[in-house]
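Coordinate analysis (summary)
Chain by chain, the residues run as shown.
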Amino acid sequence: MRYLKWAGLVTGGLLTVLVLLVVILSGLGGMRINKRFDIRVAAVNVPVDAAGIERGRHFIEAVALCQECHGENYQGQVLGDDPVFGKLAPANLTSGRGGIGGSLTDVDYVSAIRHGVGRDGKAIFVMPSELYNKIGDEDLGAMIAYLKSIPPADNDVPKSRVRILARVIAAFDSALLSAYAIDHTATRLPPPVPGATVEYGKYLTVVCTLCHGEDFGGGFLPDDSGARAPNLTRGGTLGTWSEDDFVNTIRMGVTPGGNKLDQANMPWVRFSKMTDDELAAVWLHLRSLPPVTPGN
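What you see is a predicted model, and the numbers here were worked out from it, not measured in a lab.

1. A short note on the packing of helix 4 (residues 106–115) against helix 6 (residues 137–149)
Where helix 4 contacts helix 6, the two axes come as close as 10 Å, and the packing angle between them is 120°. With respect to the hand of their crossing, helix 4 and helix 6 are arranged in right-handed fashion. In this structure, helix 4 uses D106, Y109, V110, I113 and R114 to contact helix 6, whose residues at the interface are D137, L140, M143, I144, L147 and K148. The residue makeup of the contact of helix 4 with helix 6, split by class, is seven nonpolar, no polar and four charged.

See below:
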C-alpha cells in the first residue's frame, strides 16, 4: 500500500507539473499572439492597367495559390474548427458583405502578404508570409491590383480563434505566426528575370517548400491528414522522369505510372495554369537540386 501511495503522489506531482507547463506555455503563446509589430512597410507600385491586373491574376492562381485558403472566389471560408486547437477561418478578401477588400489600403495588403501582419499590428494566424515575403515588388503589386479588382462576394466569415493547443505551439514555434519568422528589415534583392531558367524556377517554387520541404526531399502536409508530400529531387520518383513526364503530370494530374494526383493534397489544377516557360523553369530547378535519398 505504501508503494501505491508513493506512486499516486508521483503521478499527481507529474500531472501538476504538466498542467503548470501547459499554463505557462499557453500564457507565453498568448503574449506572442497579442504582440503588436511596429514595422516599416515599404509600398509597392500597384498597376491599374489590364495587363498588370492579369499578371496578378495569373500569379495568384498559378503560383501563390491564395484560393486554397481564401476560397475559389476569395469569399473566405472556415478551414477547420477544433475545440482544442482553434478555428482557422481565412478572411473574405472581396468588398462584399463580410469582406475586408473594400477597406484595405495598398500598404495593408503589403503588410499582410509580405510581413504577415494585420491592420491591428498583430501577426496573422496561419498566413504563409515567410514564403510570400520572397515575392518581388512587381509581382506583389500585380497581386494587389488583381485582388482589388475581384467581384464582391457576400459571406460573413467568423474570425479565426486561437485556443489552448495553438497558444502552446505558438509559444515556441513560428509556424502559426509567420511574422515571427521574417526579418522585416532585411534588404530586398530583386527577383530573377522571368524565363526558363533555374533561378526563375526556384523563385516560382517557394510555395512548394511548404509541403515538399526546404530541400524538396519530401515532408508532411501542413494539416492533420498525416499525408506525405513526395521527394521531388533526383533521389526520388522524379529521378526517372523526363521533362515531358513532369509537364504532362502537372497539366493532366496523372503520373507516368498512371497514378492520379489527389487535388486535395496536390493542387495540380492550379499549377497546370503555369505557362510552358514557367513549368520549364520549375523542372530545371528541380533537376538542379542535390538528390535526397532515404537516410541522407
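2. Side note on helix 10 (residues 243–252)
Burial in helix 10 covers these residues: F246, V247, T249 and I250. The buried residues of helix 10 occupy one face: seen down the axis, they fall within an arc of 160°. Facing away from the buried surface of helix 10 by more than 90 degrees, the exposed residues are D244 and M252. Positive backbone phi, approximately 75°, marks G253, located one or two places after helix 10.

3. Notes on unusual backbone geometry
Negative phi is the rule for most residues except glycine; trans is the rule for most peptide bonds. One non-glycine residue, Y74, lies in the positive phi region at around 65°. Turning to its location among the elements, Y74 is positioned in the loop between helix 3 (67–70) and strand 1 (80–82). The buried category is assigned to Y74, whose relative accessible area is 3%. At V126, a residue that is not glycine, the phi angle is positive and equals roughly 55°. Structurally, V126 is set in the loop between helix 4 and helix 5 (129–132). Residue V126 is classed as partly exposed on the basis of its relative accessible area, which comes to 33%.

4. As for helix 2 (residues 50–64)
With 15 residues, helix 2 should cover 21 Å at 1.5 Å per step; its first-to-last C-alpha distance of 20 Å lies within 8% of that length. Of all the positions in helix 2, only G52, G56, H58, F59, I60, E61, A62, V63 and A64 are classed as buried. For helix 2, the elements touching its buried residues are helix 3, helix 5, helix 6, helix 8 (198–204), helix 11 (268–271) and helix 12 (276–288). L65 occupies a position one or two residues after helix 2 and carries a positive phi of about 60°.

5. A look at the side chain of R114
Within the secondary structure, R114 sits in helix 4. Excluding its chain neighbours within four sequence positions, the residues that come into contact with R114 are V44, Y109, S129, N133, I135, G136, D137, L140, I182 and R188.

Reading the values: rules and limits
- Residues numbered from 1 in each chain as written.
- Predicted model: local features only at pLDDT ≥ 70, side-chain atom pairs only at ≥ 80, totals over all residues.
- Heavy atoms only, no water.
- Axes fitted to C-alpha atoms, helices over the stretch in contact; angles between N-to-C directions.
- Helix = DSSP H or I, 4+ residues; strand = E, 2+ residues; numbered from the N terminus.
- Left-handed = near helix turned anticlockwise from the far one by under 90°.
- Contact = heavy atoms within 4.5 Å.
- Nonpolar A, V, L, I, M, F, W, Y, C, P; charged D, E, K, R; others polar.
- Buried < 20%, exposed > 50% of the residue type's maximum accessible area, 1.4 Å probe, protein only.
- Arc of directions from axis to C-beta.
- Expected span 1.5 Å × (residues − 1).

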